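# Summary of the model geometry
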Amino acid sequence: MNNLSVDHWVRIKDGKIIVDGEVVFASEADIASFLKAAFKFLNIKYPKFHKMDRLSKLGFIASEIVMKEEAEISEDTALVFSNNSSSLASDQNYQESIKNFPSPSLFVYTLPNIVLGEISIRFGLKSENVFFIEDEFNAKLLIDYSAQLIESAKANKVLCAWLNLHNVEYDVFLWLSSESHKKEITEEQIRKIYDADYD
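- The name an unreviewed UniProt entry assigns to the protein chain is 3-oxoacyl-ACP synthase, from the organism Zunongwangia pacifica.

Okay, here's the thing in structure tokens:
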């Protein structure tokens, strides 16, 4: 028994942003244009966004959507993220840059956990964070790890995410978990949200 509930969730895939089951934004643009348009649509004021790599931009937009639903954001909110491509897109861009002159602005994003730092800075989070590399979306890992953090009082809420970017294909599922004594979330429910086709 994990005693966790899902407060809010967001899915970003195939040119769509889905929040708690409702499509709130859609665009058929390429990933760079999609990210810029989504940022503008959400009316986010954060100049540093434009300097981030694409993986960080995806994580930032998803977390911004979920966190704005919170009346108060606790600094004890933990981050538990995963994907299967690590920071490959930024690694490839950095590798390309060293043919001429290595780019420090690209190098800083050659670790996938940089997105955790960007989100922590944005929301003033000071709790635990971890980024797992898994072959595929592993709901059980994210739920179990989150439950352990809450049960051990290392966090009072946990922002969980599958944040994957490979070339131009992106697959994001992010949700906020908190302790619940009413309706606990199950692995099957999380998988159902992740696997659903949103038109």
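Moving on from the model shown.
### Some points on the packing of helix α1 (residues 31-41) against helix α2 (residues 54-67)
- Interhelical geometry of α1 versus α2 gives an angle of 30° and a closest axis separation of 11 Å. Compared by their axis directions, α1 and α2 come out roughly parallel. Two packed elements cross with a definite hand, and for α1 against α2 that hand is left-handed. Where α1 approaches α2, its residues Ile-31, Ala-32, Leu-35, Ala-38 and Phe-39 are matched on the opposing element by Arg-54, Lys-57, Leu-58, Phe-60 and Ile-61.
- Tallied by class, residues from the contact of α1 with α2 come to eight nonpolar, no polar and two charged.

### Thoughts on the confidence of the model for the protein chain
- With 83% of its residues at a pLDDT of 70 or more, the protein chain has an overall mean of 86.
- Here helix α4 (residues 104-107) stands out as the least confident element of the protein chain, with mean pLDDT 51; strand β2 (residues 16-19) is the most confident, with 97.
- Note that pLDDT drops below 50 for residues 106-110; the model gives that stretch 17 contacts with residues more than four away or on any other chain.

### Thoughts on α2
- Spanning 14 residues, α2 covers 20 Å between terminal C-alpha atoms, matching the ideal 20 Å at 1.5 Å per step.
- The buried fraction of α2 is high, at 13 of 14 residues.

### Some points on the packing of α2 against helix α5 (residues 114-123)
- Contact geometry for α2 and α5: axes closest at 9 Å, N-to-C directions at 35°. Viewed along their axes, α2 and α5 form a crossing whose handedness is right-handed. Seen from α2, the contacting residues are Leu-55, Ser-56, Gly-59, Phe-60, Ser-63, Glu-64 and Met-67; seen from α5, they are Ile-114, Val-115, Glu-118, Ile-119, Arg-122 and Phe-123.
- Tallied by class, residues from the contact of α2 with α5 come to seven nonpolar, three polar and three charged.

Procedures and definitions
Residues numbered from 1 in each chain as written. Predicted model: local features only at pLDDT ≥ 70, side-chain atom pairs only at ≥ 80, totals over all residues. Heavy atoms only, no water. Axes fitted to C-alpha atoms, helices over the stretch in contact; angles between N-to-C directions. Helix = DSSP H or I, 4+ residues; strand = E, 2+ residues; numbered from the N terminus. Parallel < 35°, antiparallel > 145°, perpendicular 65-115°, else oblique. Left-handed = near helix turned anticlockwise from the far one by under 90°. Contact = heavy atoms within 4.5 Å. Nonpolar A, V, L, I, M, F, W, Y, C, P; charged D, E, K, R; others polar. pLDDT = per-residue confidence, 0-100. Expected span 1.5 Å × (residues − 1). Buried < 20%, exposed > 50% of the residue type's maximum accessible area, 1.4 Å probe, protein only.

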